[in-house]
Amino acid sequence: MFTFNQRSLRLFTITLFLALLALTGCQTAPQKGLTPAQIAVLKQQGFEMTDDGWAYGLSDKVLFSSDVESLNPASTEIVERIGKALLSVVIERVRVDGHTDASGQESYNEQLSLRRAKSVGKVLAAVGMKEENIQLRGLGSSKPVASNDTTVGRTENRRVSIVVSAD
């Protein structure tokens, strides 16, 4: 029969306690995703759930004139409002996707769309979002939301989307 002396029993007890403590820590996984308060603010601002995460609603997208990369005053105000609202619920990371219509050369459109994304990123940074937390992408004309065969469709395709990941 195996017997414990006091020193062995104390060592066994401490080891068991530490193992239980470690297992308890493993059971509490960090929260993943957005909080209900964050989701409420996204919805209030016009974001909609997409395959990529929460995207600023297409009905309220930031539009650009043909071959223009800078935001007009009204669009600047919209982006400022969105940035402040996101920061108010501690959403500190976004992706900004710039888009163009299909007019012109593809390589030019990719650069133009990136410049559009940068102009939105600058406004978000100006309201307090850290630049390193703003991912910029220039998608050119690769993801149209309307037909490029009409003037109205081309206008809708000249836009920037602000995306918040649900992770």
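Structure: see above.
These lines cover the structure that appears in this document, whether it is placed above or below. Everything numeric here is computed off the predicted structure, so don't read it as measured data.

Structural notes on the nonpolar core
In step 1: Within the largest apolar cluster, 26 residues are counted, with the highest numbers of intra-cluster contacts made by Phe47, Leu86, Val94 and Val164.
In step 2: Of all elements in the fold, only helix H2 (36–45), strand E2 (53–56), helix H3 (73–88), strand E4 (94–98), helix H4 (106–126) and strand E6 (159–164) reach the threshold of two or more residues within this core.
In step 3: Sequence-distant contacts of Val94, defined by excluding residues within four places in its chain, comprise Leu86, Leu124, Met129, Asn133, Ile134, Gln135, Ile162, Val163 and Val164.

Here's the deal with H4
In step 1: Across its 21 residues, H4 extends 30 Å between first and last C-alpha, which sits within 8% of the 30 Å expected from 1.5 Å per residue.
In step 2: Buried within H4 we find Asn109, Leu112, Ser113, Arg116, Ala117, Ser119, Val120, Gly121, Val123 and Leu124.
In step 3: If you follow the buried residues of H4, they end up packed against H3, E4, strand E5 (134–138) and E6.
In step 4: The first or second residue beyond H4 is Gly128, which carries a positive phi of 120°.

A word on the pairing of E4
One face of the sheet, then the other: side chains in a regular strand alternate in exactly this way.
In step 1: The buried fraction of E4 is high, at 5 of 5 residues.
In step 2: Every second residue of E4 is oriented toward a common face, with Val94, Val96 and Gly98 on one face and Arg95 and Asp97 on the other, all of them buried.
In step 3: As paired strands, E4 and E5 are joined by 5 bridges and run parallel to one another. Among the inter-strand pairings, Val94 is bridged to a residue of E5, identified as Ile134.

Reading guide: rules and limits
- Residues numbered from 1 in each chain as written.
- Predicted model: local features only at pLDDT ≥ 70, side-chain atom pairs only at ≥ 80, totals over all residues.
- Heavy atoms only, no water.
- Core = buried A, V, L, I, M, F, W, Y, C linked by side-chain atoms within 4.5 Å.
- Buried < 20%, exposed > 50% of the residue type's maximum accessible area, 1.4 Å probe, protein only.
- Helix = DSSP H or I, 4+ residues; strand = E, 2+ residues; numbered from the N terminus.
- Contact = heavy atoms within 4.5 Å.
- Expected span 1.5 Å × (residues − 1).
- Pairing = 2+ DSSP bridges.

Any link to function would need more than the numbers given here.
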